[in-house]
Amino acid sequence: MTTLLVPLSARGIGEVGFAESLPETVTAVFWGLTHLGNPYLLLTCVAVAYLFGDRIGISRRGAAFALALGLGAIGLTLGLKAFFGLPRPPISYREGLGFPSGHALGSTTFWGGVAVLAHRGRWRRRLGVAGVVIAIVALSRVLIGVHYLVDVVAGVAVGVAFLAAAFGLGPGFSPTSRTGALSRPAHRHVTALFGVALLFGLAGLLVAPGESELLLGIGTSAGGLLAWQRFGRAAAAATVDVSGRTLAIGGGGLAVVLAAMSGTAELADSAPLILAAGAIGAICLLGLPLVVGERSGSGR
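Cut-offs applied
For every chain, the first residue of its written sequence is number 1, and the numbers climb from 1 along that sequence. This being a predicted model, a pLDDT of at least 70 is required before a residue's local features are given, and a value of 80 or more before pairs of side-chain atoms are given or counted; all residues contribute to the totals for chains, interfaces and linings. Heavy atoms from the whole structure form the basis of all side-chain values; hydrogens and water molecules are not counted. The quantity called pLDDT is the predictor's confidence in a given residue, expressed from 0 to 100. The contact definition used throughout considers only heavy atoms, calling two residues in contact when any of these lie within 4.5 Å. Working definition: a ring pair exists when centres of Phe, Tyr or Trp rings (six-membered ring for Trp) sit within 6.5 Å. Plane angles under 30 degrees give stacked, over 60 give edge-to-face, the rest tilted. Secondary structure elements are defined from DSSP: runs of H or I of at least 4 residues count as helices, runs of E of at least 2 residues count as strands, and each element is numbered from the N terminus. Relative accessible area decides the class of each residue, using a 1.4 Å probe on protein chains only: under 20% of the type maximum gives buried, over 50% gives exposed, and in between gives partly exposed. Consider the ring centre and the ring normal. A charge sits over the ring if Lys NZ or Arg CZ is within 6 Å of that centre and within 35 degrees of that normal. Put simply, a nonpolar core is a bunch of buried Ala, Val, Leu, Ile, Met, Phe, Trp, Tyr and Cys residues held in one set by side-chain atoms that sit within 4.5 Å of each other. Counting of polar contacts relies on pairs of N or O atoms within 3.5 Å, with two restrictions inside protein: one atom must be capable of donating a hydrogen and the other of accepting it, and residues adjacent in sequence are counted only when both atoms are side-chain atoms. A pair of sulfur atoms, both from cysteines and within 2.5 Å, is called a disulfide here. By definition here, a helix of n residues has an expected span of 1.5 Å times n minus one. For patches, a residue must show more than 30% relative accessible area and have no salt bridge; joins then use 9 Å for like charges and 5 Å for nonpolar side chains, namely Val, Leu, Ile, Met, Phe, Trp and Tyr. Under the convention used here, a 1.4 Å probe and the Shrake-Rupley method define accessible areas, while residue burial counts only the protein chains that appear. Salt-bridge detection follows one rule: a side-chain nitrogen of Lys or Arg within 4 Å of a carboxyl oxygen of Asp or Glu. Working convention for charge: Lys and Arg count positive, Asp and Glu count negative, and His plus the chain ends are omitted. Every charge is mapped to an atom, namely NZ of Lys, CZ of Arg, CG of Asp or CD of Glu.

(A) Spotlight on the confidence of the model for the protein. For the protein, per-residue confidence averages 89 on the pLDDT scale, and residues scoring 70 or more make up 94% of the total. In the predicted structure, residues 1-6 sits below a pLDDT of 50 and forms 11 contacts with residues beyond four places in sequence or in another chain.

Here it is as structure tokens:
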């Protein structure tokens with residue numbers, strides 16, 4: 001889409017030249033660090049957190065909420081990129097649109113959301129660590145030459161606004177002590193956020209039709225909404241022990257599902273197939289604790 005804000009098309013302030021002047025070793029370091037905002041890495045992290053739940057410091061319901069946050073971020077990122085239609089810097093090794101930065105938006109949403117939802121350690125420390133990771137990812141996108149500075153600033157700003165809206169209009173914040181989770185979403189909050197993520201994806205499709213990652217996000221949001229509404233309470237209450245069986249079945253299942261989802265998005269040309277891969281993948285991921293764990297109640 002033709003940009004509505006012409007001045008943004010020339011939005012560099014000298015950062016491209018600075019990035020070009022960096023030694024290759026420095027660029028290589030930041031190229032590695034930038035993967036802290038890779039969407040597939042973040043999806044893997046939240047899937048593992050969801051499977052093991054409280055055992056790694058976040059409730060299963062909280063992990064599902066984080067998954068819905070990430071899916072919402074995908075719709076926001078791809079929709080806004082298509083709407084503004086602004087290119088990446090000329091030195092970028094990646095093609096496509098650059099404003100806002102998807103890595104900056106996604107890492108803000110994921111790491112910020114997990115810092116709020118996790119219940120281990122002091123919440124101020126969690127927020128501080130999340131802020132450092134987000135800053136590293138945002139800086140790395142500029143220093144490896146794939147974004148202008150304004151791209152990452154906008155990505156972080158949109159991510160913070162999305163987090164504030166998701167928690168403020170949903171479960172809210174409840175800092176009852178220096179430790180513990182800052183927010184505790186209920187079943188209905190997770191259901192609602194999957195619905196919001198689905199709406200963001202469908203809205204993005206209006207300006208970015210045929211975008212494979214967007215189609216995968218829509219399918220995953222729809223599958224997540226259906227699965228969570230159907231058996232989310234039982235999955236949230238299931239007890240999953242860390243054992244050889246869990247690691248073999250649970251870990252293997254996660255690997256297969258995530259590989260199938262990403263592979264379909266990368267290789268398939270069929271929109272229905274990508275949508276189906278996302279939906280089926282979400283149902284499998286959300287149902288995995290019921291396969292490898294023991295049911296102990298219905299949750300809230």
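(B) Layout of the packing of aromatic side chains. On inspection of all chains with the given rule, the structure shows six aromatic pairs. Taking 5.7 Å as the distance between ring centres and 55° as the angle between the ring planes, the aromatic pair formed by Phe162 and Phe200 counts as tilted. Placement of Phe162 in helix H7 (residues 149-168) and of Phe200 in helix H8 (residues 187-207) is noted, with a sequence separation of 38 residues between them. Its relative accessible area of 8% is what places Phe162 among the buried residues. For the ring pair Phe167 and Phe173, a centre distance of 5.4 Å and an interplane angle of 35° mean the geometry is tilted. Linked through ring pairs, Phe65, Phe167 and Phe173 together constitute an aromatic cluster. The ring of Tyr50 carries the charged tip of Arg60 above its face, separated from the ring centre by 5.9 Å.

(C) Looking closely at the environment of Leu226. Tracing the backbone shows Leu226 in helix H9 (residues 212-237). Sequence spacing of Leu226 and Pro175 is 51 residues, and the spatial spacing of their C-alpha atoms is 31 Å.

(D) Up close: the nonpolar core. Of all hydrophobic cores here, the largest spans 53 residues; its most connected members are Leu69 and Phe194. Sorting the residues of this core by element identifies helix H3 (39-52), helix H4 (60-84), helix H5 (102-117), H7, H8, H9, helix H10 (244-267) and helix H11 (271-292) as the ones contributing at least two each. Top contributing element to this core by residue count: H4, with 10 residues. In contact with Phe194, other than residues within four places in its own chain, are Ala64, Leu67, Ala68, Leu71, Ser221, Gly224, Leu225, Trp228 and Leu286. Core analysis: the second largest hydrophobic core is formed by six residues, Leu78, Ala208, Leu214 and Ile218 among them.

(E) Structural detail: the side chain of Ser183. Mapped onto the fold, Ser183 is located in the loop between H7 and H8. Looking at Ser183, the relative accessible area reads 1%, which means it is buried. There is a polar contact of 2.6 Å between the side chain of Ser183 and the backbone oxygen of Gly172. Once residues lying within four places of it in the same chain are set aside, the contact partners of Ser183 are Val116, Leu117, Phe167, Pro171, Gly172 and Ser174.

(F) Region of the structure containing the state of the cysteines. Scanning all chains against the criterion turns up zero disulfides. Free of any disulfide, Cys284 has its nearest neighbouring cysteine sulfur in Cys45, separated by 20 Å.

(G) Seen up close, the side chain of Ser107. Note that Ser107 resides in helix H5. The residues contacting Ser107, other than those within four sequence positions of it, are Gly37, Leu42, Gly112, Ile134 and Val137.

(H) Structural context of the environment of Ala260. Here Ala260 lies in helix H10. Owing to a relative accessible area of 41%, Ala260 belongs among the partly exposed residues under this scheme. Placed 25 residues apart in sequence, Ala260 and Leu285 show a C-alpha to C-alpha distance of 12 Å.

(I) How the structure looks around H10. Look at H10: 33 Å from first C-alpha to last across 24 residues, which is about the 34 Å you get at 1.5 Å a residue. Here H10 has its buried residues at Thr246, Gly250, Leu254, Val257, Leu258, Met261, Ser262, Thr264 and Ala265. Next to the buried residues of H10 lie H3, H9 and H11.

(J) Fine view of a positive patch on the surface. A contiguous patch of positive charge on the surface is contributed by Arg122, Arg124, Arg125 and Arg178. Within the fold, Arg122 resides in the loop between H5 and helix H6 (123-143). We classify Arg122 as partly exposed; its relative accessible area is 44%.

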